[in-house]
Amino acid sequence: MARSAAKTVDEYLNELPEERRQVVSAVREVILRNLPEGYREEISFGMIGYVVPLERYPVTYNGQPLAYAGLAAQKSHYAVYLTAIYQDAEREARLREDFAQAGKRLDMGKSCLRFRKLTDLPLDVIGRTIASVPPEAFIASYEAVKVK
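Okay, so let's go over this structure. Remember, it's a predicted structure, so these values are computed and weren't measured experimentally.

What counts, and at which threshold
- Residues numbered from 1 in each chain as written.
- Predicted model: local features only at pLDDT ≥ 70, side-chain atom pairs only at ≥ 80, totals over all residues.
- Heavy atoms only, no water.
- Helix = DSSP H or I, 4+ residues; strand = E, 2+ residues; numbered from the N terminus.
- Rg over C-alpha atoms; globule rule 2.2 N^0.38 Å.
- Buried < 20%, exposed > 50% of the residue type's maximum accessible area, 1.4 Å probe, protein only.
- Contact = heavy atoms within 4.5 Å.
- Areas by Shrake-Rupley, 256 points an atom, 1.4 Å probe, with all protein chains shown as cover.
- Lys, Arg positive; Asp, Glu negative; His and termini not counted.
- Charge placed at Lys NZ, Arg CZ, Asp CG, Glu CD.
- Polar contact = N/O pair within 3.5 Å; in protein donor to acceptor, adjacent residues only side chain to side chain.

### What about the overall build of the protein chain?
And step 1. Across its full length, the protein chain holds six helices and five strands.
And step 2. The N-to-C order of helical and strand elements in the protein chain reads α-α-β-β-β-β-α-α-β-α-α.
And step 3. Its C-alpha radius of gyration of 15 Å places the protein chain within 12% of the 15 Å reference for a compact globule of 148 residues.
And step 4. Taking the principal axes of its C-alpha atoms as reference, the protein chain extends roughly 40 × 40 × 25 Å.
And step 5. Looking at the protein chain residue by residue over its 148 residues, the buried ones come to 47%.
And step 6. Considering only contacts in the protein chain between residues 6 or more positions apart, those separated by 24 or more positions represent 54%.
And step 7. When the accessible surface of the protein chain is summed, it comes to about 7900 Å², and 51% of that surface belongs to carbon and sulfur atoms.
And step 8. Distance from the positive charge centre (21 side chains) to the negative charge centre (20 side chains) of the protein chain: 5 Å.

Here it is as structure tokens:
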């Protein structure tokens, strides 16, 4: 699935074949367990998204909630999107080091961590990374890099 038309997270999960649903659900559980208070889970950009709601931060470049993280089952892989990593070189370096220490290969685009099997992803690293940026810090980071 490249992009879902689901309106809810349950709809998104139910669209997936059982094996893919299990992988996405396992990563989702880690994200939800570690997600700082103030973010909200919703469908965003055709995937499961973790956002700063517009009620909390309404002035975004596209009028959409500020995307903190995302989770998707793509056609040939899975992806965890970590916007806070893309915005901060120090956080990215920490993530790279954590993957290396876990003995896992990091397949990363700008903010996208791609993986093919659940065992490719160090879930404890994902949990720590998600937990490391409260909404206030994420908003401050966003404001520091956005074009005025």
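### Section: the environment of glutamate 11
And step 1. Position of glutamate 11 relative to the elements: it lies in helix H1 (residues 9–15).
And step 2. By relative accessible area, which is 38% here, glutamate 11 ends up partly exposed.
And step 3. The spatial distance from the C-alpha of glutamate 11 to the C-alpha of tyrosine 142 is 30 Å, given a sequence separation of 131 residues.

### Some words on the side chain of glutamine 74
And step 1. Within the fold, glutamine 74 resides in the loop between strand S3 (66–73) and strand S4 (78–82).
And step 2. Take glutamine 74: its relative accessible area is 13%, and that puts it in the buried class.
And step 3. Here the side chain of glutamine 74 touches tyrosine 81 through a polar contact of 2.8 Å, side chain to side chain.

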